[in-house]
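Secondary and tertiary structure notes
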Amino acid sequence: MEESKEKNVDEGKRVEFKLDKVCELRFEVENNEEVELELKSGMAEIFGTELIQNKKYVFYSGGKIAVFTWHGCVLELSGKTEVAYIAKETPMVMYINTHAALEQMRVKAETDNTSGPTVMVVGPGDVGKSTVCKLLVNYAVRLGRRPTFVDLDVGQGQISIPGTIGSLSVERPADVEEGNFSLQAPLIYHFGHISPSVNINLYNCLVSQLADIVQMRGETNRKAAISGVVINTCGWVKGLGYKAVIHAAQAFEVDVIIVLDQERLHNDLKRDLPKFVKIVLQPKSGGVVERSRQHRVESRDAKVKEYFYGLSTPLYPHQYDVKFSDVTILKIGAPLLPDSLLPLGMKQEDAHLKLVAVPPSNQLLHHVLAVSMALTSDDDIVRSNVMGFICINGVDMEKKVLTILAPAPRPLPRSILLLSDVQFVDTH
Ligand SMILES: Nc1ncnc2c1ncn2[C@@H]1O[C@H](COP(=O)(O)OP(=O)(O)OP(=O)(O)O)[C@@H](O)[C@H]1O
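Residues numbered from 1 in each chain as written. Predicted model: local features only at pLDDT ≥ 70, side-chain atom pairs only at ≥ 80, totals over all residues. Heavy atoms only, no water.

**Some words on the sheet that holds strand E2 (residues 23–29)**
Spatially, E5-E4-E7-E2-E9 is the arrangement adopted by the five strands of the open sheet, whose pairing is antiparallel. The open sheet has two edge strands, strand E5 (49–50) and strand E9 (81–87), and neither has a second partner. Sheet topology places strand E4 (residues 45–46) next to strand E7 (residues 64–69); two bridges connect them, and they run antiparallel. Paired with Ile46 across the two strands is Val67, which belongs to E7. (Pairing = 2+ DSSP bridges. Helix = DSSP H or I, 4+ residues; strand = E, 2+ residues; numbered from the N terminus.)

Shown next as structure tokens:
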């Protein structure tokens, strides 16, 4: 791959980069540092969102960014970068061709009075799945479409905090600095773990539920139906993970699957899915950065912190006490018993979806809990979406109160809370 020489960008200095057409500037922000980017002339975009000329964009610690230009541009960076270089070879032409093909399917859906494409992006970890999804959604929105973005990645999802899956109707391109789509009425389901492997039956059950709701939305909203759906998935593609990919493809009735960087997965999917599903193998971008375990942990923490405290636009969460008696804390999934010990007629899968009461204790400290939409225990709590999240900042066993961190002032809007493995230590 042809790449330009790296330039060091150090504090205080401004470094200019001249990009030819169809090139990208890749940079990583050093830990605990900030980097400022400015488009001085020409046109450029970050993962499909266009930059405004002479506006200063700030990127934070650990950010891994590619500024791409179709026609050439001049960029300026300041702050501390770990790396900064211009890459001349990128798979962007291939990705935009995919977008063009999807757009043709939308145009056809408009004339035939059918639905637009449902496309799923799959591949192992760190191949740029989330980035390709963002590109496809951004390009669709820039043409006036209103695609639905679905994120099934419970580890590094983009819609809500880790341990959830969800969907979002996207009306404008993702924010350049934060990288997120605007969160208007997202539909979120609580899974409670950062890997589907912890409770694959629950994971598949929630994927089916989300697929049903997304399809129902398409039936009542013509614009959404034509615009189609873009689905991001987990990087777990072996064994049960592969089965989960097949399950998701069937549940969402996908039309197109983009397999990034894994020929074997491509072949397996071609073998196992019906012929009408178009399965295309595409390369990953050389710029996609492999993230260490530590980096993944940090970005999960950052996602929860962002939920409560915001990123470039600060949020001010509320901390208040809630009596033990005012809430019902539940966990989904009972410990598995040997088949011989199961009550007559009960199957092992039932245990995976079983609700178990969690008595308040110090063990809840720092845990994130989802606030279920379910009003009573008669509702289908497992398949109910969630309103939002709280974090347990304190447990007083004597007074029988929990001190919680919540995005909104008291009172808690619902009383059924679902325990997540995800923890957040509130240092504010
Ligand atoms: N062309 C590029 N140049 C520089 N950085 C990039 C480029 N494309 C993606 N990245 C960065 O690489 C990282 C990994 O990309 P991404 O999250 O899309 O991968 P993924 O396959 O979805 O990973 P996971 O399976 O862990 O969710 C991100 O931080 C992203 O910003």
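**Comments concerning helix H2 (residues 129–142)**
Counted at 1.5 Å a residue, the expected span for H2 with its 14 residues is 20 Å, and the 20 Å between its end C-alpha atoms agrees. Burial in H2 covers these residues: Lys129, Val132, Cys133, Lys134, Leu135, Leu136, Val137, Asn138, Tyr139, Ala140 and Val141. Among the residues trailing H2, Gly144 stands out with phi positive, at a value near 90°. (Expected span 1.5 Å × (residues − 1). Buried < 20%, exposed > 50% of the residue type's maximum accessible area, 1.4 Å probe, protein only.)

**Looking at the pattern of salt bridges**
Following the criterion strictly, the structure yields 20 salt bridges and no others. The partner of Arg271 in a salt bridge is Asp272, and the shortest N-O contact between them spans 2.9 Å. You can call Arg271 exposed: its relative accessible area is 56%. Members of the salt-bridge network, linked through shared partners, are Glu103, Arg106, Glu110 and Arg145. (Salt bridge = Lys/Arg side-chain N within 4 Å of Asp/Glu carboxyl O.)

**As for the sheet that holds strand E1 (residues 14–19)**
Within the open sheet, the four strands sit side by side as E1-E8-E3-E6. Their pairing is antiparallel. The open sheet has two edge strands with one neighbour each: E1 and strand E6 (56–60). Each neighbouring strand pair of the sheet contributes to a mean axis angle of 25°, computed without reference to strand direction. The sheet contact formed by E1 and strand E8 (residues 73–79) spans six bridges and is antiparallel. Its bridge partner being in E8, Arg14 is matched across the sheet by Ser78. (Axes fitted to C-alpha atoms, helices over the stretch in contact; angles between N-to-C directions.)

Interpretation note: all reported values are geometric properties and have no functional meaning in isolation.
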